[in-house]
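Letter by letter, the chains look like this.
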Amino acid sequence: MKETWIRRLRPEDLDVVAALNTEAFGGPDEAAITRRLHADEDTLLSLVANRHDALVAHIEFFRILIDGQPSGVGLGPMCVKPEVQGRGIGEALVRMGLLIMAGRGESLVFVLGDPDFYGKTGFSAEAAAPFRAPWSGPSFMANAINPGAPASGELTYPAAFG
Ligand SMILES: CC(C)(COP(=O)(O)OP(=O)(O)OC[C@H]1O[C@@H](n2cnc3c(N)ncnc32)[C@H](O)[C@@H]1OP(=O)(O)O)[C@@H](O)C(=O)NCCC(=O)NCCS
């Protein structure tokens, strides 16, 4: 078996994934968002990375409404266990998630995060700039993964984001 592999999150993983988020972010906020996304059935895709029989990374994708239509996707929270950061696990999770979302016909993914990290997988602040959201600036990015994405609009996030 490979040392590190990616699979879908199972309901019984949630406590471990919440603890992983709290450890990686140094606080409980992202764990709470993850739990709420699942409780509200607002997630589109949840992946985890397994390494030596332990979960070491997690990523969420959820629905964002654009002008009231279910035409956007949000990425986050995502995290990698501190002792295995910097080995490509985070980038692999993003790439696999984007591949699955593109395969489902989704066209536009938004994220709020580090431009140096998300810029490697096609996200840019320029692509997000025409959209109105609760946030803006260089950390607010978008990635067009299929043709036909809306060019602008107002974003509505799930209740988990407050
Ligand atoms: C951010 C995070 C998910 C990245 O995961 P990772 O497995 O460590 O990242 P990778 O090893 O796949 O890195 C891929 C590339 O991004 C770079 N990178 C990773 N984390 C970065 C960061 N925080 N800032 C800038 N660049 C970063 C790496 O140097 C690497 O670049 P390279 O290919 O030129 O070497 C992880 O560090 C983490 O969980 N951090 C704490 C929680 C967090 O900030 N989550 C994201 C919130 S949006």
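Below: a short report on this structure. (Residues numbered from 1 in each chain as written. Predicted model: local features only at pLDDT ≥ 70, side-chain atom pairs only at ≥ 80, totals over all residues.)

A separate point is the environment of I89. Mapped onto the secondary structure, I89 falls in helix α3 (residues 89-103). Through-space distance from the C-alpha of I89 to that of G27 is 21 Å; in sequence the pair is 62 residues apart. In this view, I89 contacts T4, A49, V56, A57, V80 and V84; residues no more than four positions away in its chain are not counted. (Helix = DSSP H or I, 4+ residues; strand = E, 2+ residues; numbered from the N terminus. Contact = placed C-beta atoms within 7 Å.)

Turning our eyes to something else, we now look at the pairing of strand β5 (residues 108-112). With 5 of 5 residues buried, β5 lies mostly within the body of the structure. Summarising the sheet, strand β4 (residues 69-80) and β5 pair through 3 bridges and their orientation is parallel. Note on β5: the bridge partner recorded for V73 is V109. Taking the sense of rotation as the criterion, the β-α-β connection linking β4, α3 and β5 turns out right-handed. (Buried ≥ 20, exposed ≤ 12 C-beta atoms within 10 Å, placed from the backbone. Pairing = 2+ DSSP bridges. Right-handed = clockwise from strand over helix to strand, strands pointing away.)

This brings us to the packing of helix α1 (residues 14-25) against helix α2 (residues 29-39). At a minimum axis separation of 7 Å, α1 and α2 run at an interaxial angle of 150°. With respect to each other, α1 and α2 are oriented roughly antiparallel. Remark: the crossing between α1 and α2 carries right-handed chirality. Contacts between α1 and α2 involve L14, V17, A18, N21, T22 and F25 from the first element and D29, E30, A31, T34, R35 and H38 from the second. Counted by class, the contact of α1 with α2 contains 5 nonpolar, 4 polar and 3 charged residues. (Axes fitted to C-alpha atoms, helices over the stretch in contact; angles between N-to-C directions. Parallel < 35°, antiparallel > 145°, perpendicular 65-115°, else oblique. Left-handed = near helix turned anticlockwise from the far one by under 90°. Nonpolar A, V, L, I, M, F, W, Y, C, P; charged D, E, K, R; others polar.)

The linkage connecting G76 with the following residue, P77, adopts the cis geometry, with an omega of -5°. Checked against the element boundaries, P77 lands in strand β4.

Lining the immediate surroundings of the ligand are 18 residues, of which Q85, G90, E91, G113 and D116 lie closest. Among the elements of the structure, α1, β4, α3 and α4 (115-118) are those that each provide at least two residues to the shell around the ligand. Sort the elements by how many residues they give to the shell around the ligand and β4 lands first, with 4 residues. Along the lines of polarity and charge, the residues of the shell around the ligand split into 7 nonpolar, 6 polar and 5 charged. (Near = placed C-beta within 6 Å.)

Of all the positions in α2, only E30, A31, I33, T34 and L37 are classed as buried. Mapping the buried residues of α2 onto a view down its axis gives an arc of 160°, with all of them on the same face. In this structure, the buried residues of α2 make contact with α1, β2 (43-51), β3 (54-66) and β4. E41 sits one or two positions beyond α2 and adopts a positive phi of about 55°. (Arc of directions from axis to C-beta.)

Attention now goes to the nonpolar core. The biggest cluster of nonpolar side chains holds 39 residues, and the ones touching the most others in it are A57, L93, V109, F110, V111, M141 and A142. Going through the elements one at a time, α1, α2, β2, β3, β4, α3, β5 and β7 (140-144) are the ones with two or more residues in this core. With 7 residues, the top contributor of residues to this core is β3. Not counting residues up to four positions away in its chain, the partners in contact with V109 are V73, L75, L98, M101, A142, N143 and I145. (Core = buried A, V, L, I, M, F, W, Y, C linked by C-beta atoms within 7 Å.)

So, on to the environment of G97. Within the fold, G97 resides in helix α3. In contact with G97, not counting residues within four places along its chain, are L45, L47, I59, F61 and L75.

With 12 residues, α1 ought to run about 16 Å at 1.5 Å a step, and its terminal C-alpha atoms sit 16 Å apart, in line with that. Listed in full, the buried residues belonging to α1 are V17, L20, N21 and A24. What you see down the axis of α1 is that its buried residues fit within an arc of 100°, all on one side. (Expected span 1.5 Å × (residues − 1).)

By themselves, these observations are geometric and do not establish any function.
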